[in-house]
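Analysis of the macromolecular model
The primary structure of each chain is shown beneath.
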Amino acid sequence: MKSEIKKICCIGAGYVGGPTMAVFAYNCPHIQINVVDINEDRIKSWNNPDLSLLPIYEPGLAAIIKKCRGKNLHFSTDIKKHIQNSDMIFISVNTPTKTKGIGKGKALDLKWIEKSARQISNYAKNNTIVVEKSTLPVRTADTIKKILESVNTKEQNPKIKRKNFTVLSNPEFLAEGSAVDNLQNPDRVLIGGDDDSSIEALKGIYLNWIKNEKILTTNLWSSELSKLTANAFLAQRISSINSISALCEATGADIKEVALAVGMDSRIGNNFISAGPGFGGSCFKKDILNLIYLCDYYGLDKVSKYWQQVIEINNWQRERITNIVVNKLFGTISDKKIAILGFAFKANTNDTRESPAILICKDLIEEGGNLRIYDPKVNSKQIEKDLSCIQNQNNLDKEIGNWKFVNSIEKASEDADGIIILTEWDEFKNINWSKISQKMRKPSWLFDTRLVSNTNEAKLFGIDVWSLGN
Ligand code: NAD
Ligand code: UGA
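Rules behind the numbers
- Residues numbered from 1 in each chain as written.
- Chains lettered and ligands numbered in written order.
- Predicted model: local features only at pLDDT ≥ 70, side-chain atom pairs only at ≥ 80, totals over all residues.
- Heavy atoms only, no water.
- Near = heavy atom within 4 Å.
- Polar contact = N/O pair within 3.5 Å; in protein donor to acceptor, adjacent residues only side chain to side chain.
- Areas by Shrake-Rupley, 256 points an atom, 1.4 Å probe, with all protein chains shown as cover.
- Helix = DSSP H or I, 4+ residues; strand = E, 2+ residues; numbered from the N terminus.
- Nonpolar A, V, L, I, M, F, W, Y, C, P; charged D, E, K, R; others polar.
- Axes fitted to C-alpha atoms, helices over the stretch in contact; angles between N-to-C directions.
- Parallel < 35°, antiparallel > 145°, perpendicular 65-115°, else oblique.
- Left-handed = near helix turned anticlockwise from the far one by under 90°.
- Contact = heavy atoms within 4.5 Å.

A few words now on the site of ligand 1. Lining the immediate surroundings of ligand 1 are 28 residues, of which Asp-37, Arg-42, Thr-95, Glu-176 and Lys-286 lie closest. Note that an oxygen atom of ligand 1 is positioned 3.5 Å from one of the side-chain N or O atoms of Asn-94. Measuring from a nitrogen atom of ligand 1, one finds a side-chain N or O atom of Glu-176 at 2.8 Å. In isolation ligand 1 offers 840 Å² of accessible surface; the protein chains occlude 94% of this area. It is helix α5 (residues 111-123) that contributes the most residues to the shell around ligand 1, 4 residues altogether. Taken together, the residues of the shell around ligand 1 sort by class into 9 nonpolar, 11 polar and 8 charged.

Written out as C-alpha cells, the structure is:
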C-alpha cells in the first residue's frame, strides 16, 4: 500500500468526523481532506459562513475551521467523488445500539458501517487504505474487509483492475467539550492493523504533530477491544463514585472529601471521580452494552453481569435524584415550577445524547412539574426532540406537567420552588443567590447534582440546599 497520503476522505461529519478532520487539516496543510455526509443539513451547517452556526459546538473548533475550510478542508455531500479521489478513507459514522432484531438493546447497529464499506468498495480506485474511526465490536475489521473485497469477486469486466484494500483500526478517544485539545495533545494514538506500510502511512500523518512514543501499534482486534475497554473503565469509575455518593448521604461523609482523599493515591488518580447525576453522552452506555453483548456471545456470563452493574448504578443514580427532588418538595411537584439548569450531558458541548437531564426532566414532567429549562448552548428545538412532548404553557391538565425553554438563570428561577443543577456549566458556579433567592417561591430549594454552586451563599439567602453526596 502507498505510504504517502495526499488525499483523505472521511465518511461521517459528526462529533468525531468534523473535529478530527479539522485538526488533521490544521496540522497537515499538505493533505487535502474532504468530509462527506448523507445529511445535507449538517454539511450546509459545516459550510455556513457564520461560524457560530457550525453544527457542533467545541471550544477552539471555529478558529480551526476558519483557518482551514476552503483550503485543505472541505465538507461535501458528494460521497462518490471524494471516495474515488482518496488514498485513505476514514469511516466515522454512527454506531448506535440496535433497537430491533437480534441483539436488540445491546449489540451495535452496524448498518451505517456496512453501507459505508459498500460505498467504498464500489467507488474507490485502486489501493485504498480504509480506517475504522467509529467505535466497533471486536472483529468488525473482518466484516469490512469482506465487504470491500466483494467487488473483486463479482463477475466483472476483465479489463477492470482488481482493487486492493487494507483495513486499519484507529479508534478515537476524544471527549466532547475538550475535543480540539484532546486531538491536538492526545494521551495516545492507537493504530491496529496487519499491513506495515498502511500503518506507517497513517502513522506518518499523526507524526506531523504527535510524538512517535505516543503512537501505539497493535493487532486489529486489540485496537478494537481497547476502545470499548477504555470507555467501560471510565464509565465504571463514575458508577463507583456515584455509588459512594449515596453512602455519603446516608452516613454524613462528604463525597468531595472522599474523592479528594481517594484520588490522591497515585494508583487511583484524581481524574474521572466527580460524582454527578450519572454519565450521559452517546457512547458510554452503548459501548458497555456492546461489551456485554460480546461477553454473552462468547459465553462469559460473569463478565457480562459485572459490566451490567455499571449501567444499573447509572440508571439508579438518575432515578434517585428525581425521588429526592419530589420528596423534598413535600412529596408532590404537581403544578410547581422547577428551574432546570443545564440540559447538555456535560459542560462545553451542545450535545444532549443520553443526557441524564432527559430522563430526569421526563420523570419530573410526569410527576406534574412545570419545568423552566435553561442551557447556555442547547436550543429549544433540541430539548423538544429529546423530551418528545410539545412545549405548552397553557396546559390545563395540571396532572401532567409541562416545560418551557428560557434564556437565562433569572427567568428559570421566577416563582420556582426548586432549582436543579444538572450540567456543570461555569455560569452555574457563580450564581448571584441574593438576586435569585428573591425570585423564588418560599420555601425554596437548590438541588446541586454537580457540586458546582456556592451552596453556603445560597443557604445564607434562605434557600434550602441538597447537594449530591452530602
Ligand atoms: P454522529 O452521529 O455525530 O455522526 C455520524 C455521521 O455519519 C452522521 O452525520 C451521519 O449522517 C453520517 N453517516 C452515517 N452513515 C453515512 C453514510 N453511509 N455515508 C455518509 N455519512 C453517513 O456520530 P459521532 O458522535 O461522530 O460518532 C461516530 C463514531 O465515533 C461512533 O462509532 C462513536 O461511538 C465514535 N466516537 C464518538 C465520540 C464522541 O465523542 N461523540 C468519541 C469517540 C468515538
Ligand atoms: C467519553 C470518553 O471520555 C472519551 O475518551 C471517548 O472517546 C468518548 O466517550 C466516546 O467514545 O464517545 P464523552 O462522553 O464525550 O467522552 O465525555 P466524558 O467527559 O467522558 O463524560 C461522559 C459523561 O460522564 C458525562 O455525562 C459527564 O458529565 C460524566 N462524568 C465524567 C461524571 O459524571 N464524572 C466524571 O468524573 C467524569
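Look at helix α11 (residues 284-297) against helix α12 (residues 301-328): their axes get within 8 Å of each other, and the N-to-C directions meet at 160°. Classified by the angle their axes make, α11 and α12 are roughly antiparallel. Crossing angle aside, the handedness with which α11 passes α12 is left-handed. Packed against α11, whose contacting residues are Lys-285, Ile-288, Leu-289, Leu-291, Ile-292, Cys-295 and Asp-296, the element α12 presents Val-303, Ser-304, Trp-307, Gln-308, Val-310 and Ile-311 at the interface. Residues of the contact of α11 with α12, tallied by class, amount to 9 nonpolar, 2 polar and 2 charged.

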